[in-house]
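# Observations on chain architecture
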Amino acid sequence: MSEVSIAKRKEKCENCTKQCNKKQSDEGTSSLHEKDEANGESNEESQMLLSACLSCDGCVSEEESLKISQQSLDEVDRILALNKKCDVSKHKVLVVSLCPQSLPFFAVKFGLDIPEATQKLCGYLKSLGVQYVFDTTLAAGFSILESQREFVQRYRRRHHDSHALPMFTSSCPGWIRYAERVLGTLVTPHICTARSPQQLMGCLVKDYFTKQQKLSPEKVYHMVVAPCFDKKLEAIREEFYNSLLENRDVDCVLTSAEIYCMMERRKVSVEELVSVPLDHVLGEAGDPGLVRHEGRGSEGFLEHVFKHAAKELFGLDVREITYKNVRNRDFQEVSLERDGETLLQFAAVYGFRNIQTLVHRMRKGRVPYQLVEVLSCPGGNMTISNLIPGCLSGRGQAESEAGGRVDKALVQQMEEAYSSLPVRLPEVNPSLHTLYQDWLEGQDSQQANAVLHTQYKNQSHIHTQPPHIQW
């Protein structure tokens, strides 16, 4: 594991390690915490956020730790070094996919707008030996469209399927890990099965793109640059591994900060970097410019599904969405009303304190929402306009240099940069329609369902909740 990874891991796990050490010296702590939780009480000093402890040795298996350690700068350097040796049989085609929420980080650090910063970053990556650099907006479009379609299907079967609603979004790996390993069957049947943008990009690269380039998937090394450490855990999920080819859809995830740290260590001058445009999965037919999806949260799933459902189910065109605070700025709801009747009620829930409140309500059968957009990181609504993705504040790019806290000034600068990108709805993206037909044999086909969806399973009986952690 690289020095950067070790340092970041230490920052994330500092409080968790204290609790683990405390437990090892005091076995009675476990029963005390369990009693407090049962009584609905919590110890403020020991209460933790899952997003802050996912890489703790107490929660991550040895096998997972090994796989995560391979997602490092050292591993990327190893692949690059192999490509410089004479043994061509070991050479890899390096492909990098950039999450749109990572691009504002580089824009701020480079002192440029997002398009200029992206071209500089692309130029740097290609100078290292990367052959192709994409952004993941196309994959996010697939995820949004499939989430819209799934919600409508779930809504229409709600009267004979008790697990149809509410539907929980699935793009946040911290939330998914918590749901599978702690909440189990209370939540897992309700999770949207559409793959996240990251893993859909993995399918695009390792399936569609490799076929177009006449490459074998195992000859491609696919790296994703993301704003969040937890995306590393998503990449190593079992269902995203092809056992026949011994190959993953995403081989490595590096955070924005890890890439920037690599540039600093190599003393890279942004001014001297050559500007290189991004590549496109569809070649020259791809979209020429950077765009963003409207809405906040992670790619704005709530707003996209809300507007689509209003039109599809009730024939209503919704142009503006108004959020109403429920408990705080990170627990809000949106309603669709007609003639005094509430037709739809969605919620945006960010941070594990609010998620815990939601779970308590769900256990008591008091969740009125048909859809809940969930992010493990708080601050999903810490924005200047409520229109910017909360993933900008991911710990892989938004932490202060001192570590442990979000750099609010940096986040605000990133929000301002991101808001400058033009908005494009996935419904009107011709590249998506082309890929549905040429790659997936049409929408709602068996091929589309197999490639674009996954399943989330109850793992609470396998991975028990660490007793020293309060959720």
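### What about the nonpolar core?
If you look at the biggest cluster of nonpolar residues, it comprises 49 residues, and the most contacted ones within it are F151, W175 and L344. The set of elements that each furnish at least two residues to this core consists of α7 (137-156), β3 (167-168), α8 (173-183), α12 (301-314), β9 (331-338), β10 (341-350), α13 (352-363) and β11 (371-375). Leave out the neighbours within four places in its chain, and W175 touches F168, T169, L183, V187, F352, I355, V374 and S376. Residues L73, A107, A117 and L410 belong to the second largest nonpolar core, which totals 40 residues.

### What about the pairing of strand β1 (residues 93-98)?
By the criterion of burial, β1 is predominantly enclosed, with six of the six residues buried. Residues of β1 alternate between two faces, with V93, V95 and S97 on one and L94, V96 and L98 on the opposite face, all of them buried. With six bridges connecting them, β1 and strand β4 (residues 220-226) associate as parallel partners. Within β4, the position partnered with L98 by the bridge is V225. As judged from the four bridges shared by β1 and strand β2 (residues 132-135), these two strands associate in the parallel manner.

### Some details on the pattern of salt bridges
This structure, assessed with the given rule, holds 15 salt bridges. Close ionic contact of R149 with D444 constitutes a salt bridge, the shortest N to O distance being 3.6 Å. In this pair, R149 is assigned in helix α7 and D444 in the loop between α15 (430-438) and α16 (446-452), connecting sequence segments 295 residues apart. The exposure class assigned to R149 is buried, which follows from its relative accessible area of 17%.

### Let's talk about the sheet that holds β4
Read from one edge to the other, the open sheet built from four strands follows the order β2-β1-β4-β7, with strand pairing classed as parallel. Bordering the open sheet on either side are β2 and β7 (252-255), each of which pairs with just one other strand. Here the strands of the sheet are splayed against their neighbours by 25° on average, with no regard to which way each runs. Together, β1, β4 and β7 form the strand contacts of helix α4 (residues 73-83), whose direction differs from that of β4 by roughly 145°. Along the sheet face, helix α9 (residues 197-212) touches β1, β2, β4 and β7 and points at about 155° away from the line of β4.

### Details of the sheet that holds β11
Taken in spatial order, the five strands make up an open sheet running β3-β11-β10-β9-β8, and their pairing is mixed. Only two strands of the sheet have a single neighbouring strand rather than two, namely β3 and β8 (324-328). Bridge count for β8 against β9 is three bridges, and the pairing is antiparallel. Each residue of the ladder has a partner; that of N328, found in β9, is F331. Here α13 sits on the sheet in contact with β3, β8, β9, β10 and β11, set at roughly 95° to β8.

### Digging into the packing of aromatic side chains
All told, the structure shown has 15 aromatic pairs when counted by the stated rule. By way of ring pairs, the aromatic residues F151, Y155, F306, F314 and F346 are connected into one cluster. The ring of Y155 carries the charged tip of R158 above its face, separated from the ring centre by 3.9 Å.

### Observations regarding the packing of α7 against α12
As a packed pair, α7 and α12 sit with axes 9 Å apart at the nearest point and diverge in direction by 50°. In terms of orientation, α7 lies oblique with respect to α12. Two packed elements cross with a definite hand, and for α7 against α12 that hand is right-handed. On α12, the residues touching S143, I144, S147, Q148, F151, V152, Y155 and R156 of α7 are F301, H304, V305, H308, A309, E312, L313 and F314. Across the contact of α7 with α12, the residue classes break down as nine nonpolar, five polar and two charged.

### Regarding the confidence of the model for the protein chain
Of the residues in the protein chain, 77% have a pLDDT of 70 or more, and the chain-wide mean is 80. Every residue in residues 380-388 scores below 50 in pLDDT, and together they form 33 contacts with partners more than four places removed in sequence or on other chains.

### Quick look at the packing of α8 against α13
Look at α8 against α13: their axes get within 13 Å of each other, and the N-to-C directions meet at 40°. Considered as vectors, α8 and α13 are oriented oblique to each other. Like other packed secondary-structure pairs, α8 and α13 cross with a definite hand, here right-handed. Contacts between α8 and α13 involve G174, W175, Y178 and L183 from the first element and F352, I355, V359 and R363 from the second. Its residues placed into classes, the contact of α8 with α13 shows six nonpolar, one polar and one charged.

Rules behind the numbers
- Residues numbered from 1 in each chain as written.
- Predicted model: local features only at pLDDT ≥ 70, side-chain atom pairs only at ≥ 80, totals over all residues.
- Heavy atoms only, no water.
- Core = buried A, V, L, I, M, F, W, Y, C linked by side-chain atoms within 4.5 Å.
- Buried < 20%, exposed > 50% of the residue type's maximum accessible area, 1.4 Å probe, protein only.
- Helix = DSSP H or I, 4+ residues; strand = E, 2+ residues; numbered from the N terminus.
- Contact = heavy atoms within 4.5 Å.
- Pairing = 2+ DSSP bridges.
- Salt bridge = Lys/Arg side-chain N within 4 Å of Asp/Glu carboxyl O.
- Axes fitted to C-alpha atoms, helices over the stretch in contact; angles between N-to-C directions.
- Phe/Tyr/Trp six-rings, centres within 6.5 Å; stacked < 30°, edge-to-face > 60°.
- Lys NZ or Arg CZ within 6 Å of the ring centre and 35° of its normal.
- Parallel < 35°, antiparallel > 145°, perpendicular 65-115°, else oblique.
- Left-handed = near helix turned anticlockwise from the far one by under 90°.
- Nonpolar A, V, L, I, M, F, W, Y, C, P; charged D, E, K, R; others polar.
- pLDDT = per-residue confidence, 0-100.

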